[in-house]
Amino acid sequence: MPARKPSIGGNWKMNLDTAGVKALTGDLLKVLDTSIADTVDVTVFPPFPYLAPVAGALCDAGSQLQVGAQDAWATPNGAFTGEVSLSMLKDVGVSTVLVGHSERRHVIGESDELVNEKLLAALDAGFEVVLAIGEKLEQRESGKTNLVNIGQTCLGLAGTTAQQMAKVTLAYEPVWAIGTGKTATPQDAQDAHLAIRQAVGSLHGEDVANALRIQYGGSMKPGNAADLLAQPDIDGGLIGGAALSADDFAAIVRAAS
Ligand code: PGA
């Protein structure tokens, strides 16, 4: 099995302001040694208005931290009021696009088809893409965890080529664990990750599945990161709450390295 480089994302969600973004970015540059990028891929996902300043600050500092967008619109520039295009994101230094986050699916109402459209457009435009999936509490309680995750994986990845998969990371985020302080046990998370990897194997073959990085997200913190990351199919994390503290985020990145 090929060694997979761990991958950690910091999803800042709709938090912070100019001063807070500046402080967090500066603190991350202080606490994360630049050599960390040799062992872990680290991406931060600021809100849209702060993408350009964060990308600029990281670039000026010679940092290898990547900047990602929390969402994007699939169609090129034009009459899409309120949306942000992939070309705009590229223009301001964004390298990664997150699609299918549970808050987009369940609060905003995005369908698997829209998530897939965004994923394909972002890949076509040359971005790294993180596809987030995960079951709700009632789905877990009714034994549908794997069914939901495999469905979201296959629908989200529909139309991708095996070659494009080199630019895709999956993020398994059980909805009931996001921002709640509840975390999947390492074994439950491992079981879900394995089922997701097998689904990708049936779509694109074993080599692609073995090379695919699958992040865990849902209340990953410095205190539980090591146990989760020790699981054979957990290759990193997508961090929300703990990504707003440079020290906590750095502790998780170090646990992954
Ligand atoms: P959390 O968020 O770490 O606060 O649970 C994770 C996410 O939504 O990406």
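What this report covers is the structure whose coordinates are included nearby. (Residues numbered from 1 in each chain as written. Predicted model: local features only at pLDDT ≥ 70, side-chain atom pairs only at ≥ 80, totals over all residues. Heavy atoms only, no water.)

For the rest of this paragraph, the subject is the site of the ligand. Lining the immediate environment of the ligand, one finds 13 residues, of which Lys13, His101, Glu173, Gly179 and Ser219 sit closest. Here an oxygen atom of the ligand sits 2.7 Å away from a polar atom, N or O, in the main chain of Ser219. Across the complex, the protein chains shield 97% of the 280 Å² of accessible surface that the ligand would expose by itself. Split into classes, the residues belonging to the shell around the ligand amount to four nonpolar, seven polar and two charged. (Near = heavy atom within 4 Å. Polar contact = N/O pair within 3.5 Å; in protein donor to acceptor, adjacent residues only side chain to side chain. Areas by Shrake-Rupley, 256 points an atom, 1.4 Å probe, with all protein chains shown as cover. Nonpolar A, V, L, I, M, F, W, Y, C, P; charged D, E, K, R; others polar.)

Sheet strands line up and pair through hydrogen bonds in the backbone, either parallel or antiparallel. One closed barrel accounts for eight strands, arranged 1-2-3-4-5-6-7-8; its pairing is parallel. Within this sheet the neighbouring strands show an average axis-to-axis angle of 25 degrees, counted without direction. Two strands pair when backbone bridges link them, and strand 1 (residues 7–11) and strand 8 (residues 236–239) are joined in this way by four bridges, in the parallel orientation. By the bridge assignment, Ser7 is partnered in strand 8 with Gly236. Against the sheet, helix 8 (residues 186–204) touches strand 5 (128–133), strand 6 (168–172) and strand 7 (213–217), its axis set at about 145 degrees to strand 7. (Pairing = 2+ DSSP bridges. Helix = DSSP H or I, 4+ residues; strand = E, 2+ residues; numbered from the N terminus. Axes fitted to C-alpha atoms, helices over the stretch in contact; angles between N-to-C directions. Contact = heavy atoms within 4.5 Å.)

Let us look at the packing of aromatic side chains. Applying the stated criterion across every chain yields a total of two aromatic pairs. Geometry around Phe127 places Lys90 over its ring, the cationic atom sitting 5.2 Å from the centre. (Phe/Tyr/Trp six-rings, centres within 6.5 Å; stacked < 30°, edge-to-face > 60°. Lys NZ or Arg CZ within 6 Å of the ring centre and 35° of its normal.)

What follows covers the nonpolar core. Across soluble globular proteins, nonpolar side chains show a tendency to be buried alongside one another. Counting 66 residues, the largest nonpolar core has Leu28, Leu89, Leu170, Tyr216 and Phe249 as its most contacted members. Ignoring sequence-local partners within four residues, the contact set of Leu28 consists of Trp12, Val44, Leu65, Ala246 and Phe249. In this structure, Phe45, Leu98, Ala132 and Ala171 belong to the second largest nonpolar core, which totals six residues. (Core = buried A, V, L, I, M, F, W, Y, C linked by side-chain atoms within 4.5 Å. Buried < 20%, exposed > 50% of the residue type's maximum accessible area, 1.4 Å probe, protein only.)

Turning our attention to helix 1 (residues 18–31). Each α-helix winds once per 3.6 residues, and so residues spaced three or four apart point in a common direction. Taking 1.5 Å per residue, 14 residues should reach 20 Å; helix 1 reaches 20 Å between its end C-alpha atoms and fits that length. Of all the residues in helix 1, the buried ones are Val21, Leu24, Thr25 and Leu28. Viewed end-on, helix 1 has its buried residues packed into an arc of 100 degrees, placing them on one side of the element. Away from its buried face, by an angle of more than 90 degrees, helix 1 presents the exposed residues Ala19, Lys22 and Lys30. Residues of helix 1 that are buried sit in contact with strand 2 (41–45), helix 2 (51–60) and helix 11 (246–256). (Expected span 1.5 Å × (residues − 1). Arc of directions from axis to C-beta.)

Another point: the pattern of salt bridges. Per the stated rule, a full pass over the model turns up 15 salt bridges. Between Asp41 and Arg213 there is a salt bridge whose closest N-O contact spans 2.7 Å. Linking Asp41 in strand 2 with Arg213 in strand 7, this pair joins segments that are 172 residues apart in sequence. Overall, the relative accessible area of 27% leaves Asp41 in the partly exposed class. Overall, the relative accessible area of 16% leaves Arg213 in the buried class. Here Arg197 makes a salt bridge to Asp235, at a shortest N to O gap of 2.8 Å. Placement of the pair is Arg197 in helix 8 and Asp235 in the loop between helix 10 (222–229) and strand 8, with a sequence separation of 38 residues. On the basis of relative accessibility, which here comes to 4%, the residue Arg197 falls in the buried class. According to the relative accessible area criterion, Asp235 is buried, its value standing at 8%. Each of the salt bridges in this network shares a partner with another, and the network as a whole consists of Arg4, Arg197, Asp233 and Asp235. (Salt bridge = Lys/Arg side-chain N within 4 Å of Asp/Glu carboxyl O.)

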